[in-house]
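Examination of the molecular architecture
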There are 2 protein chains.
Amino acid sequence: MIERMAKHYDQYCPVAHALDVVGDRWALLVARELMQGPKRYTDLAEGLPGIGTNILAARLRDLETAGVIAKKTLPPPAASRVYELTDYGLELKPVMRELAVWGARSLGPPTTDDELFPGWLVCPVDMILGPLAPPGRFEFRVGDEIASLVDGDAYTGPIDDPDVVVEGDAEGLYYLFIERRLDGVSISGDRALLDRLIDAAPQPVA
Amino acid sequence: MIERMAKHYDQYCPVAHALDVVGDRWALLVARELMQGPKRYTDLAEGLPGIGTNILAARLRDLETAGVIAKKTLPPPAASRVYELTDYGLELKPVMRELAVWGARSLGPPTTDDELFPGWLVCPVDMILGPLAPPGRFEFRVGDEIASLVDGDAYTGPIDDPDVVVEGDAEGLYYLFIERRLDGVSISGDRALLDRLIDAAPQPVA
DNA sequence: CCGCATCCCCAAAGATACTG
DNA sequence: CAGTATCTTTGGGGATGCGG
C-alpha cells in the first residue's frame, strides 16, 4: 500500500504549500516538542496528550519525508532512536513564535480540562518572552516545572544567581504577563526588571 | 443543534490554542484571502479552489465566533455582505509571513496540478518580498495577474513609473527569486535594484 | 518496555443538489 | 448570491496486538 500523498491544497502559494507540510493535525505540535531538542517516540507521545499512536507514527513519517525531521540512532550504550528537527525544521521557530504571540492574546487563563503536560512552561517562555526579554536572568517556577531565561535564551530548569524569580501557578503566570495583574504569584528579586519584561508581553485581545 | 466545540487540543499552550482557532483545514487560507481586503462569499470560494461550500460556511462561522473575522453589510446601493478581518485577525499577517517564507524554501516550481487561482501573485509579493524589499517601485506580470511593490507595500495591479518590470510565467518567477536563475522571464528597468531584491529572497532548502 | 501496525468507530471534510 | 441539506469519503481517536 504505497500511499500517494494526495490531500494537498493544490495551490501555487507558499502559505498553502507550508500547510501541506505542517498543516495536518498535530504536525506543528510535534515540531514544537522537538524544538526543545531530540526526543524519543514515547516522550513525544507524552508531550502530546490525546494523540493516537498511529497518528504520531504517521506524522513522524510525513515530516521525515518532507525533510522537517530526521530519525537518529543514538550511539551506544544508549542506542535508542530519537527524532530531531533538521535545519529546515528548526526554521519553523519564527513561525511558531508568531503563532504563539498571536495565540497568547486570546488564550485566557487555564481551564479545568487544559492539560499541563510535562515541559509546557518552557515553550511560551522561549517563544514569547525570549525574543522580547531585556538582558537579565529570570527564573519561573510553577509546580515542578521550572523554566529560565538568560539574556533572551530559554532553558529548562533553574539557573544560578537569578535576578528575578517568579513562582506561582499557571493561572497566576497568565494574569501576570497577559493581564498585568498580580494574582497568585510571588516575586522575589529585581521587580523593576520583571516589569520591563511584562511591559513587552502580548496584550490580551478581549 | 447547538454545537459544542470539542475538537481542541486541550493543552495550555499558546501555540496549541492558536491552532485551535486557525488550525482547521482551510482556516488560515480563508484568512489569507481576506488579507487583501474584505471579500464576498462567492469571491472567497473562487480564491479557494477545492473548498466545499459547506466547509467555507463552517470556517467563516468558526472564525467569526473566534473574533478573527467579521461579517459586514455594505452600505446601499451595494448592500452585499462581505467578510473582513478584525484587528485581531489582521495580526495573523506576521504568522502568515513567516509561514510563507518557510514554505517558499521548499515550494519548488509549479506543477501541472497546481492551480493559479485569481490573486495568487499578490500574496507572495506582499508576504515574502514586501518586508525585505529595498525602497523602489517593482511591477510583476504573469499572464493577466499583475502585482506591484512600492517601497515594500504590495498592490494588485500596475503602478506608474515602475523602476523594474518583471514579466514571465509562474515557473520563471520561481526560478528568478528562489533559484536565482534567469529562465522564462523578461526584465526591463533597473536591473541592479532587482538584484538587491533577489538577494534578500528566501533560499531553497534542497 | 519501546516503536510502531492494525482494527473499529466516529467526526470532519469533500461533493453535489437544492433553497430563500 | 449566499448559503443549507444531504450523502459519501476520508482522516483521526482509541484500543489492542505484536515484533524487536
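No experiment lies behind these values; they were computed from the predicted model shown.

Definitions and cut-offs
- Residues numbered from 1 in each chain as written.
- Chains lettered and ligands numbered in written order.
- Predicted model: local features only at pLDDT ≥ 70, side-chain atom pairs only at ≥ 80, totals over all residues.
- Heavy atoms only, no water.
- Near = heavy atom within 4 Å.
- Polar contact = N/O pair within 3.5 Å; in protein donor to acceptor, adjacent residues only side chain to side chain.
- Helix = DSSP H or I, 4+ residues; strand = E, 2+ residues; numbered from the N terminus.
- Nonpolar A, V, L, I, M, F, W, Y, C, P; charged D, E, K, R; others polar.
- Salt bridge = Lys/Arg side-chain N within 4 Å of Asp/Glu carboxyl O.
- Buried < 20%, exposed > 50% of the residue type's maximum accessible area, 1.4 Å probe, protein only.
- Domains from an automatic or database assignment.
- Contact = heavy atoms within 4.5 Å.
- Buried area = accessible area lost by both parts, 1.4 Å probe.
- Least-squares fit on C-alpha atoms with pLDDT ≥ 70 in both.

1. Details of the protein's contact with DNA strand D
If you check the shell around DNA strand D, you find 18 residues, and the closest are Asn54 and Arg59 of chain A together with Thr42, Thr53 and Tyr83 of chain B. Backbone sugar and phosphate groups make up 71% of those atoms of DNA strand D lying within 4 Å of the protein. One of the side-chain nitrogen or oxygen atoms of Trp26 of chain A is found 3.0 Å away from a phosphate oxygen of DNA strand D. Going through the elements one at a time, helix H4 (53–65) of chain A together with helix H3 (41–47), helix H4 (53–65) and strand S2 (81–85) of chain B are the ones with two or more residues in the surface near DNA strand D. For the surface near DNA strand D, a count of residues per class yields five nonpolar, six polar and seven charged.

2. Points about the pattern of salt bridges
Opposite charge on two side chains permits pairing when their charged atoms draw close. Residue and element names in this part refer to chain A. Tallied over the full model, the rule gives 20 salt bridges over all chains. Among the ionic pairs, Arg191 bridges to Asp195, the shortest N-O distance being 3.6 Å. In this pair, Arg191 and Asp195 are both assigned in helix H9 (residues 191–200), four residues apart and thus about one turn of the helix distant. With relative accessibility at 38%, the residue Arg191 sits in the partly exposed group.

3. A short note on the domain arrangement of chain A
In many reports, interface size means the accessible area that the parts give up when they come together. Residue and element names in this part refer to chain A. Split by domain assignment, chain A resolves into domain 1 (14–90) and domain 2 (104–200). On the side of domain 2, seven residues touch domain 1, which itself brings seven residues to the contact. Counting each side, the surface lost to burial between domain 1 and domain 2 is near 560 Å², with a carbon and sulfur contribution of 70%. Contact with domain 2 buries surface across domain 1, with Arg32, Gln36 and Pro49 losing the most and accounting together for 64% of the total. The interface formed by domain 1 and domain 2 includes zero salt bridges. If you look at where domain 1 meets domain 2, you find zero residue pairs in polar contact (both at pLDDT 80 or more). Counting residues per element, the ones that place at least two in the side of domain 1 that touches domain 2 are helix H2 (27–34) and helix H3 (41–47).

4. Focus on the relation of the copies chain A and chain B
For the match of chain A to chain B, the screw axis carries a shift of 0.0 Å, the RMSD comes to 0.1 Å, and the turn is 180°. The superposition of one copy onto the other is thereby described by a two-fold rotation axis. Using C-alpha coordinates, one finds that chain A approaches the rotation axis most closely at Val95 of chain A, a distance of 2.9 Å.

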